[in-house]
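The chain contents come next:
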Amino acid sequence: MNNTTCECAIEKLLLKPTHFGERENIIEMGRPTPELPLLTFQYEYYSTYKWLAGCKKTNKLYCWPCVLESSEENVWTKDGFDDLNNFHHFVSHHEATIKHIESLVNLTRFGKVHKDVWTWLDEHFRKRVERNNVKVKNNRYILRSMIDSTCFLVQQELAFKGHDELDSSVNTIGPPIQCYSRTNRRAEKKQPLCLGGFSSGENARKRKKKVPWLGGPSQWPDNRVSDVLLKEIENQIRDTPFVAIIIIMDETTDIASKSLRLSTVLRYVNTSNSNEVVERFLGFTDISENRSAEALSEHVFGFISKYACEEKFIGQTYIMSGQQDNLQSLVRSKYENAISVHCYAHKLNFVIEQSVEYIKDCKTFFSTLSGLSSFFSTSTKRVHALDNVILERIRRGVKSVVPTKWNYNSQIIEMMVEHKVDVINLMESIIDNAQSWDSETWASAKGYMEILQSFDFNFFLKLFSIILPQATNIFKNVQQNFFDISYCSKEIDDFIVYLNNVKSNFDDVWSQLEIINNVSGDETTYYRRLFFEIIDVIINKIKERFSNLNQLQFFALLDSKKFSLYANDFPINLFNSLEQLYGKYFDLPKLRSELSVVYSMDVFLTPASVYDILIYLKTRKLDENLPQTTKLISLILTIPATSASEKRSFSALKRIKNSSRNSHHEQDRLISSLSMLSIEKELLVELKKKSTFHDEVIETFLTKNTTIDLTQRSPTWTLPLGDVRAIWWGNESY
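Model, not experiment: these values are computed from the prediction. Residue positions are counted from 1 within each chain, in the order its sequence is given. In keeping with the predicted nature of the model, local features appear solely for residues at pLDDT of at least 70, side-chain atom pairs appear and are counted solely at 80 or more, and the whole-chain, interface and lining totals rest on all residues. The side-chain values count all of the structure's non-hydrogen atoms but skip hydrogen atoms and water molecules.

1. Looking at the overall build of the protein
- Numbering of helices and strands runs from the N terminus; a helix is a DSSP stretch of H or I covering at least four residues, while a strand is a stretch of E covering at least two. A tally of regular secondary structure across the protein gives 34 helices and 7 strands.
- Any residue under 20% of the maximum accessible area for its type is buried, any over 50% is exposed, and the rest in between are partly exposed; the area is computed with a 1.4 Å probe on protein chains only. Of all 734 residues assigned to the protein, the portion counted as buried reaches 49%.
- Any two residues whose heavy atoms approach within 4.5 Å are treated as being in contact. For the protein, contacts bridging at least 24 residues in sequence account for 68% of all contacts bridging at least 6.
- Carbon and sulfur atoms provide 50% of the accessible area of the protein, an area that totals close to 36,900 Å². Areas reported as accessible are Shrake-Rupley estimates using a 1.4 Å probe. Residue values count occlusion only from the protein chains shown.

Set out below in C-alpha cells:
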C-alpha cells in the first residue's frame with residue numbers, strides 16, 4: 001500500500017464520520033478521480049461510470065455515492081476495489097444492487113429535500129454531546145472525591161464500611177460516601193455515584209435502583225488506585241538495572257480463620273526519581289493449600305515474569321522454614337545469577353532462638369519469656385507494681401535499671417538476670433494480696449512463681465544470658481561494618497570460638513547456678529548433654545547462615561575506608577569475586593579502569609557509604625563518566641543482604657484486618673489493594689502530588705466495564721448515517 005497522504009475526500013470519509021456541513025463541502029468539491037499508476041486502470045472509466053472514484057493513498061477504486069450515503073461495509077465502501085481483471089463483472093453486479101441505487105437517489109436529493117432535517121439533526125446531536133459532557137464532568141468530579149476519600153481512609157487505615165448499615169444505624173453508609181458528601185455539597189445536588197461494595201443489605205439494593213453503579217469489586221476505587229501504584233512500580237523497575245526479590249512466609253490469624261501467606265517485595269535502586277534503595281510491596285499470596293518448594297518457586301517465577309525483570313534478577317532472600325533451601329536451588333536453576341542471600345539484618349539472637357526451637361525445653365523457656373512480657377505489658381497496674389518494687393531497691397542504694405523495653409527475648413533475659421528476685425517478690429505479693437488483683441492476674445502470678453523457681457528455667461536463663469548479649473554485640477558490629485566482608489567473617493568466626501569456649505566450660509557455668517544442691521548425678525549428665533546439644537546446634541546454624549558471606553567479598557570494592565590502600569594495590573581478588581558472580585553485567589576492563597580512577601582521587605574518600613558515593617556521582621553528573629562504577633553501586637545496593645523491611649507488610653495486614661472487617665466477604669480485597677495502599681502510602685503520597693493523578697486513576701476505570709460515562713466527546717463528532725435512527729429514538733448512550 002502507498003504510504004503517502006493524498007488528503008482526498010475518500011480518505012477523509014474513511015477516517016471519520018462527518019456532520020452535515022462537512023458533507024456538503026465534500027459533495028460540492030466533487031468525487032476524486034486521480035490517476036492510479038500502480039493499477040492497469042484506464043482513466044476513461046471515470047467518464048463511463050459517473051459513480052466511480054479513486055484514492056491515491058490506498059491505490060484503489062470506490063463507489064462515491066455508497067461511501068457518502070450507505071452504512072453497508074463492502075469492497076466499494078470500505079476495503080476498496082483493485083481486481084481489474086474482473087472489473088466489468090464487479091461493476092455490473094454493483095450497479096444492480098439495491099444499496100447502490102438507494103445511495104445514488106439519496107446523493108441526488110442531498111441538500112434539496114433533507115437539508116433542513118440534517119441541519120436539525122446536527123444541531124440536536126451537538127446539544128446532546130454538550131449535555132453528555134456536562135454529565136461526564138460531574139461524574140469525574142464526584143469520582144475524584146471518591147478517590148480522595150479512599151486515599152484518606154487507606155492512609156489513616158480506617159474502615160471502609162460500617163458493620164451495621166441499616167436505616168436505623170448511626171453509620172448508614174460507608175465512610176467513603178460520608179467523606180464525599182461532607183466535602184462535596186455542590187456535587188451532592190446532582191445524582192451521586194455509588195461505589196459497589198461500600199454498602200450492603202436491603203439498603204444497598206434499594207439505592208442500587210436509584211443511582212448508577214460503578215460495578216463490582218474490580219471497580220472499587222482502592223483497586224483502581226492500586227493499579228496506578230503498580231504501574232508506577234512497573235515503570236521504576238523498567239528503568240533500574242538490577243532487581244532482587246524478598247519473600248517472607250508467615251501465618252496470619254483473624255477471627256475467621258488462620259492462613260499462610262507470602263509477602264512479596266522487590267528491591268531495587270529507583271533510578272527514575274530519587275536514586276534511593278526502595279523495597280516495593282507487591283502483595284500477599286495465600287499458600288495454605290500448597291507450600292511446597294515447587295509451588296513457591298512458581299510464585300517467584302510469576303512475579304519475575306510479570307515485571308519483565310528476568311535479565312535483572314540478581315538476588316533472592318527468603319524468611320521462612322522448611323522449604324527454603326529447596327526453593328533457593330529451584331530458583332537458581334532457572335536464574336543462575338540470582339544468588340541466595342540471608343537477611344543479616346535479623347538479630348543474631350533471633351537466629352539463636354530459631355535454632356533451638358525444635359528442642360522442647362528451649363521452646364518452653366522462650367514461651368515463658370514471651371508470656372512474662374505479655375503479663376506485664378498488657379496491664380499498666382502490673383507495670384506500675386513492678387516499677388515500685390525495683391525503685392524501692394534503688395532507694396536502698398542498689399544500682400539498677402528499670403525495665404522499659406520488652407521487645408526482644410534478649411532484653412527480657414537481661415532484665416530477668418538483674419531483677420529475678422524483684423519479680424519473684426512481686427509475684428509473692430500478688431499471691432498474698434489476692435483481694436487487690438483480678439483472678440487472672442492472681443492465677444498467672446501463681447504459675448509464674450513456680451516457673452521462676454524451677455531448675456529448668458534458671459538453667460536456661462543462665463545459659464542464654466551468656467550467649468545472647470554477646471550475639472547482640474556481634475550483630476551491631478556486623479551491621480556497622482557490613483561492607484567489610486573480611487571483618488564480618490572474622491566477627492562470626494570469633495563468636496563461634498566464643499561459643500566453643502562456653503561449651504568447654506560447662507562445669508563453671510554449672511557451679512554458678514544457685515539451686516543445684518538437689519540435682520542428682522544422672523540429672524547432671526542430662527543437663528550436660530543438653531548444654532552441649534544446644535551450643536552445637538547454634539554453632540551449626542550460624543555457620544550455615546553465614547556460609548555465603550564470602551561470595552559477597554566484592555562489596556569491599558567500594559569500601560571508601562580502603563580506597564587509599566587500593567590506589568597502591570588494586571584488590572584483584574575482590575574484582576575476581578565480582579567477575580565470577582556478575583561478570584556478564586559489566587564491561588570489566590572499563591570497570592577496572594574506572595575503579596582505579598576512583599581510588600586515586602581524594603574526592604571519593606569523603607563519602608561514608610556506598611549510597612553516599614552514588615549520590616555524589618549523580619549530583620555532580622559523574623555517573624555518565626563512570627557508568628560501570630555506577631552500575632556496580634546499584635548492584636551492591638540491590639542485593640538484600642541487610643534488609644528486613646518486608647516485616648512491615650505483615651504488621652500492616654494486622655492493622656488493616658481487624659474484627660470490623662472480618663465480617664466482610666471481600667477478604668482478597670483486604671490482602672491486596674488495601675494492604676498495598678497502606679504499606680506503600682509514601683509512594684501514594686508522592687503520586688498524589690502529580691497533577692495528573694486523578695485522571696490516571698479515572699483512566700483505569702475506563703479499561704473496565706462500567707455503566708458510568710466518564711468520556712468527554714467532541715462537539716464536532718457526528719454519528720455515521722446508518723446510526724441516525726439512534727438520535728431519533730433518543731438513545732441516551734450518545
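2. Focus: helix H16 (residues 360-377)
- Residue count minus one, scaled by 1.5 Å, sets the expected span of a helix. Relative to the 26 Å expected for 18 residues at 1.5 Å per residue, H16 spans 26 Å between its end C-alpha atoms, a close match to the ideal helical length.
- Buried within H16 are the following residues: Cys 362, Phe 365, Phe 366, Thr 368, Leu 369, Gly 371, Leu 372, Ser 373, Phe 375 and Phe 376.

3. Some details on a nonpolar patch on the surface
- On the surface, a nonpolar cluster with roughly 210 Å² of combined accessible area is contributed by Val 597, Met 601 and Val 603.
- Tracing the backbone shows Met 601 in the loop between helix H26 (588-600) and helix H27 (610-619). Surface patches are defined over residues having more than 30% relative accessible area and no salt bridge, joining like charges when they lie within 9 Å and nonpolar side chains (Val, Leu, Ile, Met, Phe, Trp, Tyr) when within 5 Å. We define a salt bridge as a contact between a side-chain nitrogen of Lys or Arg and a carboxyl oxygen of Asp or Glu at a distance within 4 Å.

4. Concerning the confidence of the model for the protein
- When the pLDDT values of the protein are averaged, the result is 76; 72% of them are 70 or greater.
- Highest mean pLDDT in the protein belongs to H26 (93); lowest belongs to helix H34 (residues 724-728) (41).
- Within the model, pLDDT remains below 50 along residues 185-213, and this stretch shows 65 contacts once partners closer than five positions in the same chain are excluded.
- Per-residue confidence from the predictor is reported as pLDDT, which spans 0 to 100. Here residues 717-734 scores under 50 on pLDDT; set against residues more than four positions off or in separate chains, the count is 33 contacts.

5. Focus: the nonpolar core
- Nonpolar cores are built from buried Ala, Val, Leu, Ile, Met, Phe, Trp, Tyr and Cys residues. Side-chain atoms within 4.5 Å join them into one set. Ranked by size, the top nonpolar core spans 60 residues in total, and within it Met 427, Phe 459, Phe 464 and Ile 534 carry the most contacts.
- Counting residues per element, this core draws most heavily on helix H20 (residues 455-480), at 13 residues.
- If we ignore the near neighbours within four places in the chain, the residues touching Ile 534 are Val 356, Ile 359, Cys 362, Phe 460, Leu 463 and Phe 464.
- Residues Val 225, Ile 233, Ile 246 and Tyr 335 belong to the second largest nonpolar core, which totals 52 residues.

6. Observations regarding the environment of Arg 545
- Considering the arrangement of structural elements, one finds Arg 545 in helix H23 (residues 521-545).
- When its relative accessible area of 16% is taken as the criterion, Arg 545 is described as buried.
- As for Arg 545 and His 342, which are separated by 203 residues in sequence, their C-alpha atoms are 6.6 Å apart.

7. Describing unusual backbone geometry
- Positive phi, normally seen in glycine, also occurs at Asn 59, with a value near 60°.
- Of note, Asn 59 is situated in the loop between strand E1 (52-55) and strand E2 (60-63).
- Although it is not a glycine, Lys 621 sits at a positive phi angle of roughly 55°.
- With respect to the secondary-structure elements, Lys 621 resides in the loop between H27 and helix H28 (627-638).

8. Considering the packing of H16 against helix H19 (residues 439-452)
- At a minimum axis distance of 12 Å, the contact between H16 and H19 shows a crossing angle of 145°. Our pair here, H16 against H19, has a crossing hand that is left-handed. On the side of H16, the interface is formed by Thr 368, Gly 371, Leu 372 and Phe 375, while H19 contributes Thr 441, Ser 444, Ala 445, Tyr 448, Ile 451 and Leu 452.
- Per-class residue counts for the contact of H16 with H19 are 6 nonpolar, 4 polar and no charged. Every angle, taken between N-to-C directions, lies between 0 and 180 degrees, and every axis is a line fitted to C-alpha atoms, over only the stretch in contact when it is a helix. Less than a right angle of anticlockwise turn of the near helix away from the far helix marks a crossing as left-handed, whereas a clockwise turn marks it as right-handed. Gly is put with the polar residues, along with every residue not named as nonpolar or charged; the nonpolar set is Ala, Val, Leu, Ile, Met, Phe, Trp, Tyr, Cys and Pro, and the charged set is Asp, Glu, Lys and Arg.

9. Focus: the pairing of E1
- Side-chain alternation along E1 places Leu 52 and Gly 54 on one buried face and Ala 53 and Cys 55 on a second face that is also buried.
- By this definition, two strands are paired if DSSP reports at least two bridges between them. As paired strands, E1 and E2 are joined by 4 bridges and run antiparallel to one another. The residue bridging Ala 53 from the neighbouring strand is Tyr 62, located in E2.
- Hairpin connection of E1 to E2: 4 residues between the antiparallel strands, including Asn 59 at a positive phi of 60°.

10. A word on the packing of helix H25 (residues 572-582) against H26
- Viewed as axis vectors pointing N to C, H25 and H26 meet at an angle of 145°, and their least axial separation amounts to 12 Å. When you trace H25 past H26, the crossing you get is right-handed. Contact residues: Ile 572, Phe 575, Leu 578 and Glu 579 in H25; Leu 588, Leu 591, Arg 592 and Leu 595 in H26.
- Within the contact of H25 with H26, the residues separate by chemical class into 6 nonpolar, no polar and 2 charged.

11. Focus: the pattern of salt bridges
- On inspection of all chains with the given rule, the structure shows 12 salt bridges.
- Residue Asp 536 is joined to Lys 503 by a salt bridge in which the shortest nitrogen-to-oxygen separation is 2.6 Å. Placement of Asp 536 in helix H23 and of Lys 503 in helix H21 (residues 485-504) is noted, with a sequence separation of 33 residues between them.
- Among the salt bridges present, the one from Glu 686 reaches Lys 689, with a minimum N-O distance of 3.3 Å.
- Look at the salt bridges and you will find they share partners, linking Arg 140, Asp 695 and Glu 699 into a network.

12. Considering the environment of Trp 76
- With respect to the helices and strands, the residue Trp 76 is situated in helix H5 (residues 75-79).
- The sequence separation of Trp 76 and Lys 60 amounts to 16 residues, and the corresponding C-alpha distance is 9.3 Å.
- For Trp 76, the contacting residues outside a window of four places in its chain are Trp 51, Leu 52, Leu 61, Tyr 62, Cys 63, Val 67, Phe 81, Phe 90, Val 91 and His 94.

13. A word on H28
- With 12 residues, H28 should cover 16 Å at 1.5 Å per step; its first-to-last C-alpha distance of 16 Å lies within 8% of that length.
- With 10 of 12 residues buried, H28 is to be regarded as a mostly interior element.
- Along H28, the residues classified as buried are Gln 628, Thr 629, Thr 630, Leu 632, Ile 633, Ser 634, Leu 635, Ile 636, Leu 637 and Thr 638.

14. Some thoughts on the side chain of Thr 629
- By secondary structure assignment, the location of Thr 629 is in helix H28.
- Look at Thr 629 and you get buried, because its relative accessible area is 1%.

15. Structural notes on the environment of Val 228
- Position of Val 228 relative to the elements: it lies in helix H12 (residues 221-239).
- Given the relative accessible area of 6%, Val 228 is considered buried.
- Sequence separation between Val 228 and Val 697 is 469 residues, and the spatial gap between their C-alpha atoms is 6.2 Å.
- Dropping the residues within four chain positions of it, Val 228 is found in contact with Leu 687, Phe 693, Glu 696, Val 697 and Thr 700.

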